[in-house]
Amino acid sequence: MQSALESQPMSLEFQIEATKAAARAGRLITPHGEVETPVFMPVGTLASVKGVPQEVLEELDVQILLANTYHLYLRPGVEQIRRLGGLHRFMAWPRAILTDSGGFQVFSLNDLRKVSEEGVTFRSHLDGSSHFFSPESATQAQIGLGADIIMAFDECTEYPAESERVRQSMALTLRWAERSKKYFEQHKQEVPWNANHVGPDVPVWAGQRQLAGSAEIRSAGQVGTSFDSPRTGSAPTQTQSLFGIVQGGMDPALRNESAERTIEIGFSGYAIGGLSVGEPRALTQEIVAATVLHLPVDKPRYLMGVGTPEEIVEYADLGIDMMDCVLPTRAARHGLLFTSEGKISIKQARYAGDDGPLDPNCGCRVCRRYSRAYLRHLYASNEVLAQVLNTVHNLSFYLDTMRAVRHSIGLG
Ligand SMILES: [Zn+2]
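*Asks:* I keep staring at the overall build of the protein chain and nothing clicks. Help me out?
*Replies:* The secondary structure content of the protein chain amounts to 16 helices and 16 strands. Contacts spanning at least 24 positions in sequence make up 68% of the contacts within the protein chain whose residues lie at least 6 apart. For the protein chain, the accessible surface area stands at approximately 17400 Å², while carbon and sulfur atoms represent 51% of it.

*Asks:* Help me understand the coordination of the zinc ion in this model?
*Replies:* Geometry sets the ideal angles at a metal, namely 109.5 degrees for four tetrahedral donors and 90 or 180 degrees for six octahedral donors. Coordination of the zinc ion by the protein is provided by Cys362 (SG), Cys364 (SG), Cys367 (SG) and His393 (ND1), with metal-donor distances spanning 2.1 to 2.4 Å. One can describe the donor arrangement at the zinc ion as tetrahedral, given that its 4 donor atoms subtend angles of 97 to 118° at the metal. Positions of the donor residues of the zinc ion, expressed as sequence spacing, correspond to C-x1-C-x2-C-x25-H. Of this pair, Cys367 sits in helix α14 (residues 365–369) while His393 is found in helix α16 (residues 384–410), placing the two residues 26 residues apart along the sequence. The exposure class assigned to Cys367 is buried, which follows from its relative accessible area of 7%.

*Asks:* Got a minute to help me understand the environment of Gly249 in this structure?
*Replies:* With respect to the helices, strands and loops of the structure, Gly249 is situated in the loop between β11 (241–246) and α10 (252–265). Exposure remark for Gly249: the relative accessible area of 9% places this residue in the buried category. Taking the C-alpha atoms as reference points, Gly249 and Arg167, separated by 82 residues in sequence, lie 8.4 Å from one another.

*Asks:* I'm lost on the pattern of salt bridges in this one. Help?
*Replies:* Any two side chains of opposite charge can pair, on the condition that their charged atoms come close. Tallying each qualifying case throughout the model produces 19 salt bridges. Across the pair Arg179 and Glu118 runs a salt bridge whose closest N-O atoms are separated by 3.1 Å. Of the two residues, Arg179 sits in helix α7 (residues 163–187) while Glu118 sits in the loop between β7 (113–115) and β8 (120–123), which places them 61 residues apart along the sequence. Arg179 gets classed as buried once you look at its relative accessible area, which sits at 18%.

*Asks:* What's the story with the sheet that holds strand β2 (residues 23–30) in this structure? I'm lost.
*Replies:* Backbone hydrogen bonds hold the strands of a sheet together, and the pairing may be parallel or antiparallel. Spatial ordering of the open sheet is given by β1-β2-β3, a layout of 3 strands whose pairing is antiparallel. Two strands bound the open sheet, and with one partner strand each, they are β1 (13–20) and β3 (33–37). Geometrically, the sheet is characterised by an average inter-axis angle of 15° between neighbouring strands, direction not taken into account. Packed onto the sheet, α16 meets β1, β2 and β3 and runs at close to 70° relative to β1.

*Asks:* Sorry, what's going on with the nonpolar core here?
*Replies:* A general tendency of soluble globular proteins is for nonpolar side chains to be buried together. One finds Phe40, Leu57, Leu87, Leu303, Ile320 and Met323 to be the most contacted residues of the largest nonpolar core, which totals 83 residues. Examining the composition of this core, we find that 10 residues originate from one element, α16, more than from any other. Counting 19 residues, the second-largest nonpolar core is a separate cluster that includes Val39, Ile64, Leu98 and Phe243.

*Asks:* So what exactly am I meant to see when it comes to the side chain of Asp359 here?
*Replies:* Looking at the element boundaries, Asp359 is found in the loop between β16 (342–345) and α14. Buried Asp359, no salt bridge; nearest opposite-charge side chain is Arg372, N-O distance 6.4 Å. Here Asn361 takes part through its backbone nitrogen, which lies 2.9 Å from a polar atom of the side chain of Asp359.

*Asks:* Would you explain the pairing of β2 in this entry?
*Replies:* It is a general feature of regular strands that their side chains alternate between the two faces of the sheet. In terms of burial, β2 is largely enclosed, as 7 of its 8 residues are buried. Looking at chain direction, β1 and β2 are connected through 7 bridges and run antiparallel. Among the inter-strand pairings, Gln15 is bridged to a residue of β2, identified as Arg27. Linkage of β1 to β2, two consecutive antiparallel strands, is achieved through a turn of 2 residues, within which Ala21 is found at a positive phi near 55°.

*Asks:* What is the right way to look at the sheet that holds β7 in this model?
*Replies:* Across the sheet, 3 strands lie side by side as β7-β8-β9; this open sheet has antiparallel pairing. The two strands at the open ends of the sheet, each matched to only one other strand, are β7 and β9 (130–133). Along the sheet, successive strands turn relative to each other by an average axial angle of 15°, direction set aside. Pairing geometry for β7 and β8, over 3 bridges, is antiparallel. Its bridge partner being in β8, Lys114 is matched across the sheet by Thr121.

*Asks:* Teacher, can you tell me more about the environment of Arg261 here?
*Replies:* Note that Arg261 resides in helix α10. Using a relative accessible area of 36% as the deciding quantity, one classes Arg261 as partly exposed. Expressed as a C-alpha distance, the spacing of Arg261 and Leu174, which sit 87 residues apart in the sequence, is 7.3 Å. When near neighbours in sequence (up to four residues on either side) are disregarded, Arg261 contacts Met170 and Leu174.

Analysis parameters
- Residues numbered from 1 in each chain as written.
- Predicted model: local features only at pLDDT ≥ 70, side-chain atom pairs only at ≥ 80, totals over all residues.
- Heavy atoms only, no water.
- Helix = DSSP H or I, 4+ residues; strand = E, 2+ residues; numbered from the N terminus.
- Contact = heavy atoms within 4.5 Å.
- Areas by Shrake-Rupley, 256 points an atom, 1.4 Å probe, with all protein chains shown as cover.
- Donors = N, O, S within 2.8 Å, 3.2 Å for Na, K, Ca; no water.
- Tetrahedral: all angles 85-135°; square planar, octahedral: opposite > 155°, others 65-115°.
- Buried < 20%, exposed > 50% of the residue type's maximum accessible area, 1.4 Å probe, protein only.
- Salt bridge = Lys/Arg side-chain N within 4 Å of Asp/Glu carboxyl O.
- Pairing = 2+ DSSP bridges.
- Axes fitted to C-alpha atoms, helices over the stretch in contact; angles between N-to-C directions.
- Core = buried A, V, L, I, M, F, W, Y, C linked by side-chain atoms within 4.5 Å.
- Lys, Arg positive; Asp, Glu negative; His and termini not counted.
- Polar contact = N/O pair within 3.5 Å; in protein donor to acceptor, adjacent residues only side chain to side chain.

Below, the structure is given as structure tokens:
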């Protein structure tokens, strides 16, 4: 017989397993599997990590991906994905997913947006059509997409900004956080993979489609075995988890106030937003260090949009648990590769005759098989494979970096 505790499934558990000064190594247990933290989350903007098939991401042991609500809302549309069973099933990815709220993406449209108390009117970068995001509609979109972790709708304050402007923007984000949470609590049962949710019919073949590598995933200790709620139906009432976002610009006092008031609203995890918006790196670090002190010890902390391999190590040392950045994937497509010996621009002529591996200390499938000369040739010839291989290596390097950090925290 199930105990009362078991019949009340947690949608997100966070266990801290080891600490070393401020750094923590832990485990985030989501409806679609476990995520070891600190974790670097590859960005799959349009439900795809550009150039890398999902089975390769699994081989790299990616445990959680990020997808962008703004882009998916425009194309193929939230309703389309929801009808196809949600993002996990749509992109054939049984492991955890996090979506952003669209706030940051809309923020980066600059001239194409208009902010009011109600929300943000913006123009599509695709066709110029007019759209509106509010805390309610952004949360609704994220419920429709069905990621495991979703974000409150926030305003990313620009840099630089006058202090009064930063205060007002932070206050707006707090009001939006409350509205996001209220909408989420009222509608969280509507996530496509919640067994209690009666949604539109999904084709039978889709329901029968199973992950090719499910046996390997089981043996790797993952909970996930199918595209639906993978705890084999034992937890039908699982829902998504909503994270709040701390804003407050580059003012530690406003960051403190934002953190305290966001925590009062109450979320499953807390993100630090509004950084990496053009400020000097030293200032980013100062604000992260100051903000992290005000976040609850027992909840996951997510630093949005950072950074270089050196930076993600520094932020993990400060006690950050989750990070995401387009840098490794975007840089890879431009031939910029991160290695244990520093950055390499593979387009340089000096690699044309270099028979050695890209990174002699990397065990990824690219470094095991291909030479710098070949990678340089692929890039110079504009071969699609160049983007694929470069991305696989850079992601592998980032994931290895995080694994080393976890190992080091584990050793105390
Ligand atoms: Zn490699």
